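For reference, the chains in residue letters:
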Amino acid sequence: RKAQSALMRTAPVPTLYLHGEDDGCLPPPDAAALTRHLADGSDYVTLPDVGHFPQLEAPDAVGKLISEWVAKT
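Since this is a predicted model, take the numbers as computed values, not measurements. (Residues numbered from 1 in each chain as written. Predicted model: local features only at pLDDT ≥ 70, side-chain atom pairs only at ≥ 80, totals over all residues. Heavy atoms only, no water.)

Draft legend 1. Geometry of the overall build of the chain. Looking only at helices and strands, one finds four helices and two strands in the chain. The dimensions of the chain, computed from C-alpha atoms along their principal axes, are 35 × 30 × 20 Å. When burial is assessed residue by residue, the chain has 25% of its 73 residues classed as buried. Long-range contacts, defined here as pairs at least 24 residues apart, represent 69% of the contacts in the chain between residues at least 6 apart. Surface accessibility of the chain: about 5,200 Å² in total, with carbon and sulfur atoms responsible for 58%. Charge-centre separation for the chain: the mean point of 6 positive side chains lies 17 Å from the mean point of 10 negative side chains. (Helix = DSSP H or I, 4+ residues; strand = E, 2+ residues; numbered from the N terminus. Buried < 20%, exposed > 50% of the residue type's maximum accessible area, 1.4 Å probe, protein only. Contact = heavy atoms within 4.5 Å. Areas by Shrake-Rupley, 256 points an atom, 1.4 Å probe, with all protein chains shown as cover. Lys, Arg positive; Asp, Glu negative; His and termini not counted. Charge placed at Lys NZ, Arg CZ, Asp CG, Glu CD.)

Put into structure tokens, the structure is as follows:
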């Protein structure tokens, strides 16, 4: 219960949420619905032709997005 209630709280800081468009475990529309729990100033980015493990499937794109996110925050 404690873990489940933690999932329902808003993130305390802006977050970069990266998600693969071809994720078969959590389809992008379902993931997008979770963004309501992100703090103001957060970004939700879907990566084309990427599945459930963006950091493994598109490491260059993920690294670039993270670098850009860090530079602007």
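Still to come is the rest of the account.
Draft legend 2. The pattern of salt bridges, seen in detail. Counted according to the given criterion, the structure contains two salt bridges. Among the salt bridges present, the one from Glu-68 reaches Lys-64, with a minimum N-O distance of 3.4 Å. Residue Glu-68 and its partner Lys-64 are both found in helix H4 (residues 59-72); the two are separated by four residues, about one turn of the helix. What makes Glu-68 partly exposed here is its relative accessible area of 41%. (Salt bridge = Lys/Arg side-chain N within 4 Å of Asp/Glu carboxyl O.)

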